[in-house]
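Examination of the molecular architecture
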Amino acid sequence: MNQRLFFTIVGASLLLAGYAHYFTDNEFFKFATASLAIIFLAAWLGKSTESVAHYAGDRVGGFLNATFGNAAELIIAFFLVKEGLFDMVKASITGAIIGNMLLVLGLSVFLGGLKYKEQTFNGRLAGHNASLMMLAIAALFIPAVFMKELPPVEIGTLSTVIAVILIVAYLLWLIFSMVTHRDFLSDIESHDSEAAWSKGVSILMLAISTFFVAVVSEWLVHSVQHVSETLGWSELFVGAFVIAIIGNAAEHSAALLLAMKGRIGAAVEIAVGSSLQIALFVAPTLVLVSLLLGRPMDIVFTTFELAAIGVATFITISITKDGATNWFEGVLLLAVYIILGTAFFFA
Amino acid sequence: MNQRLFFTIVGASLLLAGYAHYFTDNEFFKFATASLAIIFLAAWLGKSTESVAHYAGDRVGGFLNATFGNAAELIIAFFLVKEGLFDMVKASITGAIIGNMLLVLGLSVFLGGLKYKEQTFNGRLAGHNASLMMLAIAALFIPAVFMKELPPVEIGTLSTVIAVILIVAYLLWLIFSMVTHRDFLSDIESHDSEAAWSKGVSILMLAISTFFVAVVSEWLVHSVQHVSETLGWSELFVGAFVIAIIGNAAEHSAALLLAMKGRIGAAVEIAVGSSLQIALFVAPTLVLVSLLLGRPMDIVFTTFELAAIGVATFITISITKDGATNWFEGVLLLAVYIILGTAFFFA
Amino acid sequence: MNQRLFFTIVGASLLLAGYAHYFTDNEFFKFATASLAIIFLAAWLGKSTESVAHYAGDRVGGFLNATFGNAAELIIAFFLVKEGLFDMVKASITGAIIGNMLLVLGLSVFLGGLKYKEQTFNGRLAGHNASLMMLAIAALFIPAVFMKELPPVEIGTLSTVIAVILIVAYLLWLIFSMVTHRDFLSDIESHDSEAAWSKGVSILMLAISTFFVAVVSEWLVHSVQHVSETLGWSELFVGAFVIAIIGNAAEHSAALLLAMKGRIGAAVEIAVGSSLQIALFVAPTLVLVSLLLGRPMDIVFTTFELAAIGVATFITISITKDGATNWFEGVLLLAVYIILGTAFFFA
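Along every chain, residues carry numbers that run from 1 in the direction the sequence is written. In the order they appear in the text, chains get letters beginning with A and ligands get numbers beginning with 1. Predicted model: local features are reported for residues with pLDDT of at least 70 only, side-chain atom pairs are reported and counted for 80 or more only, and whole-chain, interface and lining totals are derived from all residues. Calculated side-chain values reflect all of the structure's heavy atoms, with hydrogen atoms and water omitted.

Worth spelling out the cut-off: UniProt positions are given in the numbering used here, feature names are shortened, and annotations may be inferred rather than shown by experiment.
If you check an unreviewed UniProt entry, chain A appears there as Ca(2+)/H(+) antiporter from Brevibacillus borstelensis AK1. Quoted straight from UniProt, the Function (unreviewed entry) entry for chain A says "Ca(+)/H(+) antiporter that extrudes calcium in exchange for external protons." According to the UniProt record, the Sequence similarities (unreviewed entry) comment for chain A is "Belongs to the Ca(2+):cation antiporter (CaCA) (TC 2.A.19) family."

Below you can see the structure in the form of structure tokens.
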């Protein structure tokens, strides 16, 4: 997209959200404008991260991309944690994981599959991602199984231990994929960072876009509570389907565009990679951040959330493991997403 | 089998069942004769469906075969729904799924494996079937997890939504496998429909056999209640092991014969395909039919049933995914079937 | 290791444990010395079994190795059953299964992976082992799901039936892998039994080492109860992490040494094979033995134990199924082990 046009849209959406926040009382209007602004700001933030990553060189850049690719998601969740909306935080983590694996991957595979009879990619990477997802599932299921009868203090300790283990495992995965076994996963070079701007401008852009995402996220978190109360929607549904879709919109469109150009491997990498990042990095980081904020959040997810993550993971593994996709596999992913959406709506 | 002999047996079993139903009072005798008649009538119905399918041309024919391959099962379940025996309906769905995956496939793999050291088939189809089974499992698990605390009205709505999604997914699967990706799964041409009779006779045969299956199913449903009460067997055990085996007997023998001729791929297709058909088409159809009958049945299965379906699916996927079988893999499937049978008997 | 040195160490550790048992009152000292002695005695017992197996010829020898490879584990568990410490028995079975799959395999894959960029092995065997693990999981999950509401008598009957089925399946697996499909799994010739001594000496060694393992196991079982009470550790934690590690130490070191020599296939076989042996042979044998002892133990594991076994199995299958390993996959296994260890400690 033309840069001037892009920044015009970003600026306009930001102004509109600011106007709604400061000068109107309609919570629905505030929510709608903040959501819209977040979507464009997240795209700007993503672009800035990639540009800075480009100048940082291959390894550090890859690390930046991999770690802050979900920065908007992380910032929104930070404000939810600060407000003590732990149920919504966990629901939004759940929603981001299943949204990436079922909705984004499902649409990518389906739409790509309408154009290409079969699309193939590096099945080995899919196998590795499957093992990482198993770690994430283990880390989320074990506390839920064991903690039912534990006193709160021990739940806190166990949550912290698990969070640290997950972050360490995630950092080791970055070392594995970027240092020791770089070539191993080599045909997925799709996530190349591009320099949109000069070095100095890139850093400035990163700072400014992060700042605005943070500001508007706080607005969004305030208005979403009113909106969900008025509509009678549960924290679970709002977190898992509304917040999660808004926070990930930029990545969603990127994956879809790649899939329709025949680059399904890149789309799989974005969708599954993003899910992994959220489960192994964003979720444990939020647990540790909540400690610093003096409002400790545990890592115990509800049975509904675990069932959703479990189901989504197993069908995604089943579909990606052969390194080939077709339109019907997209239908399967989307069918599970719709079933889960309906169930969360009623729950 | 010689046609004259076949129809003599069908007719004799039908007469015997009719005699028992109208002129005797012994419920065990009624049950035994109705069961025997259903087994032969189901074989006749299957033969008629294949013959009609032959004249309908490749695509429509394949569709007919795939959709009405479990017609006898569907008709028996229809009368169970009509009687409000929902627990037995769900148990018979469970039993048909695990019976096909564990008993039929297990015996086929075991007996075929005694003759051939290793039998191979299209592993790609196995992968696709695995993904479809994951959808079925997701569709059955999600309501069970989410519905525990829901009011009945919402359970009804959610059941209907899920039923519609499953049927749509099943129809899209038929389009995928018969229209857009026909060649994709091509080495499984085993399920060719053959014309047993001329076009007109085939249609007549289909109508008559369906009529008789319906009549005898109603007799069976009546007597099975008395028999299970007298023996002290639970609806769960009767549905999952007695009804399910009777309703699927015709397919069972077909799969076994193919496996022993070295055509294990065809046997796998019948066994796994039949399970998929029941989970993705028969079960949701019964939910929708129950609405029309004014006696709405939900799609919530018991923990026992879900555990059985889950365990059966995972071990079947594990065994079929490499596209090769040997006798010991048959032993594994049969061992799980016996364990489940024992557990259902005591439950 | 030099034989003289080996027996000097074995003898010294045995004398020390005996001294502690008969002449001191410090339970911690008794526990520490008995544990140390068991570790060396188990190594001696393993060596004797292999040596006898060598003279028994390929088939019977393989059978001996496969069946009594976990003899020390079995003997310790026997004394736990005799004392009625059923919770600790089941915890130690759980611990041996997850310890082999996560700790032993994890360390082997990790340390081997630091030296070799990628290590490969027979993926086909991994697939077969996966199917066997699914049977074990099915056999352990089904009773836990079904037995919650059953009366004790029926739990006993069902446990016995399942135990018999598992042992039969295990014996058939030995026939499969050693008689009918010997060549099938052929590149794993690593487990060759070697003759350490002459035939007569081997048998004598086997008898003596078994005797001493039994004696010291009884000491260990007594002291472990005092130690765990004093430290406030649960039977669950002691069984799953203390007893299990002591009982399997000899195998652990063997697997590690093989992995560091680049023979990861042999290490996988020891680790996964040992888990299978415990799930399919040791556990059901203990159930049957408990009947003979007149203190029937059922086969119902706790939710914690089943969750641990389930998680360990799925991640192990995910990592071994491609027949290749690297250091990061070792990290994944170890991360899950540490998470489980922490959870069991708090539980």
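As for the overall build of chain A
As a reminder of what qualifies: For the purposes of this entry, the term helix denotes a DSSP run of H or I that reaches at least four residues, the term strand denotes a run of E that reaches at least two, and both are numbered from the N terminus. Here the globule rule reads 2.2 Å times residues to the power 0.38, and the radius of gyration is calculated from C-alpha atoms. Residue exposure (1.4 Å probe, protein chains only): buried if accessible area is under 20% of the type maximum, exposed if over 50%, otherwise partly exposed. A contact between two residues is defined here by any heavy atoms of the two lying within 4.5 Å. For every accessible area listed, the method is Shrake-Rupley and the probe measures 1.4 Å; residues are considered covered only by the protein chains on display.
Secondary structure assignment for chain A yields 13 helices and two strands. Taking 20 Å as the expected radius of gyration for a compact globule of 347 residues, we find that chain A reaches 19 Å, a close match to that expectation. Expressed as a percentage of its 347 residues, the buried residues of chain A come to 60%. For chain A, contacts bridging at least 24 residues in sequence account for 85% of all contacts bridging at least 6. Just so you have it, chain A exposes about 12900 Å², and 66% of that area is on carbon and sulfur atoms.

A closer look at the interface of chain B and chain A
When the parts come together, some accessible area is lost, and that loss is often what is quoted as the size of the interface. Going by this rule: Buried area: the sum, over both parts, of the accessible surface (1.4 Å probe) that disappears when the two are put together. Here a salt bridge means any side-chain nitrogen of Lys or Arg lying within 4 Å of a carboxyl oxygen belonging to Asp or Glu. Pairing of N or O atoms within 3.5 Å defines a polar contact, subject to two protein rules: one partner must be a possible hydrogen donor and the other a possible acceptor, and residues neighboring in sequence count only if both atoms are side-chain atoms.
Chain B puts 30 residues into the contact, and the matching count from chain A is 26 residues. Roughly 2600 Å² is buried in total at the junction of chain B and chain A, and carbon and sulfur atoms are behind 79% of that figure. By the criterion of area lost to chain A, the three top residues of chain B are Ser 131, Ile 142 and Phe 146 of chain B, representing 22% of everything that side buries. Our count for the contact surface shared by chain B and chain A stands at zero salt bridges. Taken together, the links from chain B to chain A amount to five residue pairs in polar contact (both at pLDDT 80 or more). Counting only elements with at least two residues in the side of chain B that touches chain A, the list comes to helix H6 (123-146) and helix H7 (152-180) of chain B. Here the side of chain B that touches chain A gets 13 residues from one element, more than from any other, and that element is H6 of chain B.

Here we look at the UniProt feature "domain: Sodium/calcium exchanger membrane region" (unreviewed entry) in chain A
Mapped onto the present numbering, the UniProt feature "domain: Sodium/calcium exchanger membrane region" (unreviewed entry) falls at residues 31-178 and 202-341 of chain A. Across residues 202-341 of chain A, helical content stands at 84% and strand content at 1%; the span's end C-alpha atoms are separated by 38 Å.

Digging into the interface of chain C and chain A
In this assembly, 26 residues from chain C lie in contact with 30 residues from chain A. Summed over both partners, the interface of chain C with chain A buries about 2600 Å², with 79% contributed by carbon and sulfur atoms. In terms of surface lost to chain A, no three residues of chain C exceed Phe 328, Ile 339 and Phe 346 of chain C, which account for 25% of the buried area on that side. Linking chain C to chain A there are four residue pairs in polar contact (both at pLDDT 80 or more).

Regarding the relation of the copies chain C and chain A
Filter applied, for reference: When the copies are overlaid, the least-squares fit takes in C-alpha atoms only where the residue has pLDDT of at least 70 in both copies.
Its rotation angle being 120°, the transformation that places chain C on chain A also includes 0.0 Å of axial translation and leaves an RMSD of 0.0 Å. Taken together, these values place the two copies in the relation of a three-fold axis. A share of only 4% of the interface residues of chain C reappears at the interface of chain A, consistent with the copies meeting through non-equivalent patches.

Quick word on the nonpolar core
For clarity, the threshold we go by: Here the nonpolar core consists of buried residues drawn from Ala, Val, Leu, Ile, Met, Phe, Trp, Tyr and Cys, with membership extended through side-chain atoms lying within 4.5 Å.
Formed by 378 residues in total, the largest nonpolar core has its most connected members in Leu 135 of chain A, Leu 135 of chain B together with Leu 135 of chain C. Residues contacting Leu 135 of chain C, with those up to four places away along its chain left out, are Ile 315, Leu 332, Ala 335, Val 336 and Ile 339 of chain B together with Leu 166, Ala 169 and Leu 280 of chain C.

Here we look at the packing of helix H5 (residues 86-115) of chain A against helix H9 (residues 235-247) of chain A
Residues and elements named next belong to chain A. Worth spelling out the cut-off: Only the stretch in contact is used when a helix axis is fitted, and all axes are lines through C-alpha atoms; the angle between N-to-C directions ranges over 0 to 180 degrees. Working rule for angles: under 35 degrees goes down as roughly parallel, over 145 as roughly antiparallel, 65 to 115 as roughly perpendicular, anything else as oblique. Helix crossings fall into two classes, left-handed where the near helix is turned counterclockwise from the far one by less than a right angle and right-handed where it is turned clockwise.
Where H5 meets H9, the axes come as close as 7 Å, and the angle between the chain directions of the two elements is 50°. Compared by their axis directions, H5 and H9 come out oblique. The handedness of the crossing between H5 and H9 is right-handed. Contacts between H5 and H9 pair Asp 87, Met 88, Ala 91, Ser 92, Gly 95, Ala 96, Ile 98 and Leu 103 from the former with Glu 235, Leu 236, Val 238, Gly 239, Ala 240, Phe 241, Ile 243, Ala 244 and Ile 245 from the latter.

Let's talk about a nonpolar patch on the surface
Residue and element names in this part refer to chain A. Note the following rule: The patches described consist of residues with a relative accessible area above 30% and no salt bridge, like charges being joined within 9 Å and nonpolar side chains (Val, Leu, Ile, Met, Phe, Trp, Tyr) within 5 Å.
Taken together, the side chains of Leu 16, Tyr 19, Tyr 22, Phe 23, Phe 29 and Leu 36 define a hydrophobic patch exposed on the protein surface, amounting to about 640 Å² of accessible area. Mapped by element, the contributors of at least two residues to the nonpolar patch are helix H1 (3-23) and helix H2 (27-55). Along the chain, Leu 36 falls in helix H2. The exposure class assigned to Leu 36 is partly exposed, which follows from its relative accessible area of 40%.

Re empty space enclosed by the protein
The condition is simple: Only protein atoms enter the 1 Å grid used here. Points where a 1.4 Å probe fits but cannot escape make up a cavity, open sets with protein on both sides within 12 Å along at least five of seven lines make up a pocket, and a residue lines them when an atom lies within 4 Å of a point. Grid points are joined across faces, edges and corners, and a volume is the space filled by probe spheres set on the points. Any residue that is not Ala, Val, Leu, Ile, Met, Phe, Trp, Tyr, Cys, Pro, Asp, Glu, Lys or Arg is counted as polar, Gly included; the first ten are nonpolar and the last four charged.
Counted by the stated rule, this structure contains six cavities of 30 Å³ or more. Volume-wise, the largest cavity comes out at about 310 Å³. Surrounding the largest cavity, 18 residues form its lining, Phe 314 and Lys 321 of chain A, Lys 321 of chain B together with Phe 314 and Lys 321 of chain C being those nearest its centre. Counted by class, the lining of the largest cavity contains twelve nonpolar, three polar and three charged residues. Its volume calculated, the second largest cavity comes out at about 70 Å³. Around the second largest cavity sit Met 101, Ala 126, Asn 129, Ala 130, Met 133, Val 268, Val 272, Thr 313, Thr 316, Ile 317 and Thr 320 of chain A, which together line it. Elements supplying a minimum of two residues to the lining of the second largest cavity: helix H6 (123-146), helix H11 (264-292) and helix H12 (303-320) of chain A. Of the residues assigned to the lining of the second largest cavity, the class counts are seven nonpolar, four polar and no charged.

Considerations on the pattern of salt bridges
Residue and element names in this part refer to chain A. Scanning the model with the defined rule gives six salt bridges over all chains in all. For Asp 298, the salt bridge identified is with Lys 90, shortest N-O distance 2.7 Å. You can see Asp 298 sitting in the loop between H11 and H12 and its partner Lys 90 sitting in helix H5, a full 208 residues away along the chain. Look at Asp 298 and you get partly exposed, because its relative accessible area is 26%. Classification of Lys 90 as buried rests on a relative accessible area of 8%.

Considering the packing of aromatic side chains
Residues and elements named next belong to chain C. Using the following cut-off: Only centres within 6.5 Å qualify two rings of Phe, Tyr or Trp (six-membered ring in Trp) as a pair; their planes then separate them into stacked at under 30 degrees, edge-to-face at over 60, and tilted for everything else.
Across all of its chains, the model carries 73 aromatic pairs over all chains by this definition. Arranged with centres 5.1 Å apart and planes meeting at 80°, the rings of Phe 237 and Phe 345 form a pair that is edge-to-face. Of this pair, Phe 237 sits in helix H9 (residues 235-260) while Phe 345 sits in helix H12 (residues 327-346), placing them 108 residues apart in sequence. Among the residues examined, Phe 345 registers a relative accessible area of 41% and is labelled partly exposed.

Focus: the side chain of Ser 108 of chain B
Residue and element names in this part refer to chain B. Within the secondary structure layout, Ser 108 lies in helix H5 (residues 86-115). A polar atom in the side chain of Ser 108 sits 2.7 Å from the backbone oxygen of Val 104. The residues touching Ser 108, leaving out its near neighbours within four places in the chain, are Gly 113, Ala 255, Leu 256, Ala 259, Ile 264 and Ala 267.

Observations regarding helix H13 (residues 327-346) of chain A
Inclusion rule: Helix span, as expected, comes to 1.5 Å for every residue beyond the first.
Between its first and last C-alpha, H13 of chain A extends 29 Å over 20 residues, near the 28 Å set by a 1.5 Å rise per residue. Among the 20 residues in H13 of chain A, 18 count as buried, and that is most of the element.

Some thoughts on the side chain of Ser 159 of chain A
All names here are of chain A. Locating Ser 159 in the fold gives a position in helix H7 (residues 152-180). A polar side-chain atom of Ser 159 sits 3.0 Å from the main-chain amide nitrogen of Ile 299. Non-local contacts of Ser 159, meaning those with residues more than four positions away in its chain, are made with Met 147, Val 287, Asp 298 and Ile 299.

Focus: the packing of H6 of chain A against H11 of chain A
All names here are of chain A. Their axes nearest at 10 Å, the elements H6 and H11 cross at an angle of 25°. Comparing the axis directions of H6 and H11 gives the class roughly parallel. The two elements H6 and H11 meet at a crossing, and its hand is left-handed. Between H6 and H11, the contacting residues are Leu 125, Asn 129, Leu 132, Met 133, Leu 135 and Ala 136 on the first element and Glu 269, Val 272, Leu 276, Ala 279 and Leu 280 on the second. Classifying every residue of the contact of H6 with H11 by side-chain character gives nine nonpolar, one polar and one charged.

Quick look at the environment of Gly 341 of chain C
Residues and elements named next belong to chain C. Within the fold, Gly 341 resides in helix H12. Accessibility expressed as a relative area gives 13% for Gly 341, which makes it buried. In the structure, Gly 341 is positioned 142 residues away from Lys 199 in sequence and 42 Å away in space, judged by C-alpha atoms. If we ignore the near neighbours within four places in the chain, the residues touching Gly 341 are Phe 237 and Phe 241.

Here we look at the environment of Phe 344 of chain A
Position of Phe 344 of chain A among the secondary structure elements: in helix H13. The buried category is assigned to Phe 344 of chain A, whose relative accessible area is 0%. Here Phe 344 of chain A is in contact with Thr 94, Ser 234, Leu 236, Phe 237, Ala 240, Phe 241, Phe 304, Glu 305 and Ala 308 of chain A together with Phe 146 of chain B, once residues within four sequence places are set aside.

Details of the environment of Ile 93 of chain C
Residues and elements named next belong to chain C. Of note, Ile 93 is situated in helix H5 (residues 86-115). A sequence separation of 24 residues divides Ile 93 from Gly 69, and the C-alpha atoms of the two residues are 15 Å apart. Aside from chain neighbours lying at most four places away, what touches Ile 93 is Ile 278, Ala 283, Leu 286 and Phe 301.

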